[in-house]
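# Remarks on the overall topology
If you want the building blocks of each chain, they are given just below.
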Amino acid sequence: MAEYRNIFDSHAHYDDAAFDEDREVFLAELPQKGICNVVNCGSDLDSSRASIELAAKYPYFYAAAGIHPECVKDAPADAMEQLEVLLSSPKIVAVGEIGLDYHFEENAPREEQIQLFEEQIQLAKARDLPIIVHDREAHGDTMELLRKHRPKGVVHCFSGSVEMAKEVLRLGMYIGLGGAVTFKNARVPVEVAAAVPAERLLLETDCPYMAPVPFRGKRNDSSLIAWVARRIAEIRGTTPEELLLLTRRNAETLFGI
Ligand code: NI
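Here is a short report on the structure shown in this document. (Residues numbered from 1 in each chain as written. Predicted model: local features only at pLDDT ≥ 70, side-chain atom pairs only at ≥ 80, totals over all residues. Heavy atoms only, no water.)

## Focus on the state of the cysteines
One pass over the full model with this rule turns up 0 disulfides. In this model Cys36 remains outside any disulfide bridge; the closest cysteine sulfur is found in Cys207, 14 Å from its own. Residue classification places Cys36 among the buried residues on the basis of a relative accessible area of 15%. Unpaired in terms of disulfides, Cys157 finds its nearest cysteine sulfur in Cys41, a separation of 12 Å. Under the relative-accessibility criterion, Cys157 is labelled partly exposed at 25%. (Disulfide = S-S within 2.5 Å. Buried < 20%, exposed > 50% of the residue type's maximum accessible area, 1.4 Å probe, protein only.)

## Some details on helix H4 (residues 110–126)
In this model H4 runs 24 Å from its N-terminal to its C-terminal C-alpha over 17 residues, within 8% of the 24 Å that 1.5 Å per residue would give. Against helix H3 (79–86), strand S4 (92–101), strand S5 (131–136) and helix H5 (139–149) lie the buried residues of H4. Taken from the residues just after H4, Asp128 is the one with a positive phi, measuring 60 degrees. (Helix = DSSP H or I, 4+ residues; strand = E, 2+ residues; numbered from the N terminus. Expected span 1.5 Å × (residues − 1). Contact = heavy atoms within 4.5 Å.)

## Side note on the pattern of salt bridges
Counted according to the given criterion, the structure contains 11 salt bridges. When the shortest N-O distance is used, the salt bridge between Arg219 and Asp22 registers 2.9 Å. Here the residue Arg219 occupies a position in the loop between strand S8 (201–203) and helix H8 (225–236), and Asp22 occupies one in the loop between strand S1 (7–12) and helix H1 (23–29), the gap between them amounting to 197 residues. On the accessibility criterion, Arg219 (30% relative accessible area) is partly exposed. The salt bridge partner of Arg249 is Glu252, with a shortest N-O separation of 3.1 Å. Residue Arg249 and its partner Glu252 are both found in helix H9 (residues 240–255); the two are separated by 3 residues, about one turn of the helix. Look at the salt bridges and you will find they share partners, linking Arg248, Arg249 and Glu252 into a network. (Salt bridge = Lys/Arg side-chain N within 4 Å of Asp/Glu carboxyl O.)

## As for the packing of H3 against H4
Direction vectors running N to C along H3 and H4 enclose 30 degrees, while the axes themselves pass 11 Å from each other. Compared by their axis directions, H3 and H4 come out roughly parallel. Crossing of H3 over H4 shows right-handed handedness. Listed contacts from H4 to Met80, Leu83 and Glu84 of H3 are Leu116, Glu119, Gln120 and Leu123. In terms of residue class, the contact of H3 with H4 is built from 4 nonpolar, 1 polar and 2 charged. (Axes fitted to C-alpha atoms, helices over the stretch in contact; angles between N-to-C directions. Parallel < 35°, antiparallel > 145°, perpendicular 65-115°, else oblique. Left-handed = near helix turned anticlockwise from the far one by under 90°. Nonpolar A, V, L, I, M, F, W, Y, C, P; charged D, E, K, R; others polar.)

## Quick word on the pairing of S4
Within S4, 10 of the 10 residues are buried, which leaves the element mostly enclosed by the surrounding structure. Here strand S3 (residues 61–65) runs beside S4; their pairing, made up of 3 bridges, is parallel. Each bridged residue has a counterpart across the sheet, and for Ala63 the counterpart in S4 is Ile92. In this sheet, S5 lies alongside S4 in parallel orientation, the contact comprising 6 bridges. Bridged to Gly96 within S5 is Ile132. Read as a crossover between parallel neighbours, the route from S4 over H4 to S5 is right-handed. (Pairing = 2+ DSSP bridges. Right-handed = clockwise from strand over helix to strand, strands pointing away.)

## As for the coordination of the nickel ion
Taken together, the protein donors to the nickel ion comprise His11 (NE2), His13 (NE2), Glu97 (OE) and Asp206 (OD), at separations of 2.0 to 2.2 Å. Coordination at the nickel ion is irregular, judged from the 4 donor atoms that bind it and the angles of 87 to 174 degrees they form at the metal. His13 sits in the buried class, given a relative accessible area of 6%. Residue class for Asp206 comes out buried when judged on its relative accessible area of 11%. (Donors = N, O, S within 2.8 Å, 3.2 Å for Na, K, Ca; no water. Tetrahedral: all angles 85-135°; square planar, octahedral: opposite > 155°, others 65-115°.)

## Observations concerning the nonpolar core
In this structure, Tyr14 and Ile131 are the most contacted members of the largest nonpolar core, which totals 69 residues. With residues near it in sequence (within four places) discarded, Ile131 still touches Val95, Ile98, Phe117, Ile121, Ala124, Leu146, Pro151, Lys152, Gly153, Val154 and Met173. Formed by 15 residues, the second largest nonpolar core is a distinct cluster that contains Tyr62, Ala94, Tyr174 and Phe255. (Core = buried A, V, L, I, M, F, W, Y, C linked by side-chain atoms within 4.5 Å.)

## With respect to the environment of Val85
Among the structural elements, Val85 can be located in helix H3. Val85 gets classed as exposed once you look at its relative accessible area, which sits at 61%. It is 36 Å that separates the C-alpha atoms of Val85 and Ala226, two residues lying 141 residues apart in sequence.

## Some words on the packing of aromatic side chains
The full count for this structure, using the stated rule, is 9 aromatic pairs. Among the aromatic residues, those joined into a ring-pair cluster are Tyr14, Phe19, Phe26, Tyr58, Tyr60 and Phe61. Cation over ring: Lys91 sits above Tyr62, and NZ or CZ is 5.0 Å from the ring centre. Above the face of the Phe183 ring, Arg216 is positioned so that its terminal group lies 3.6 Å from the ring centre. (Phe/Tyr/Trp six-rings, centres within 6.5 Å; stacked < 30°, edge-to-face > 60°. Lys NZ or Arg CZ within 6 Å of the ring centre and 35° of its normal.)

Structure follows, in structure tokens:
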């Protein structure tokens, strides 16, 4: 794999336990692997705090704070008040990740997920921050809420159809793509990667998850975006270098960096 520059990872979870063994050394060396910036997403209040701490430590790091739909069931009663305080921290560039996840039976009931998603969208809008949206098997309700509130932001690890992507774009939002475009059975993500206009595409890892082929199932990290960039560049008939530069500019625009 050639050495690339301008890798902007718009969605990472370096606070995850998968990095407990080597986090400090690993993150200190990441810029030498071509990574210019990372936005680390919160999943709950604790991981949002961890995200903010990492951003304070590493110059190239930025933080998003939010309550992930899978964490809604464990959110304290004053979660929104606590989140509001966290959003005043330095280097906060987004509210995320937030959204709807109807995949797991044990997740909070849909109405509760919708309520917290809406409250977090409103918090983001009040602070003029973009949101980072998680939508898993909840396309209909997600789109309904995005249509209703018109936030700025990105739908991360986009798993919808080209039609849905077009509506996300009409709403002025960005599409985040990662390892899934490299999977052998990837059909819709490939169509989406071809259809999204260059100025609305972001690259992401969702690390430690979603490692691209040939590392599928292993621990993902921002340097592996090189493989995603190479695949998307191939799909779009451009070069990885151009794609990385372009998606970097897009991320800088969205996150105000
Ligand atoms: Ni994530």
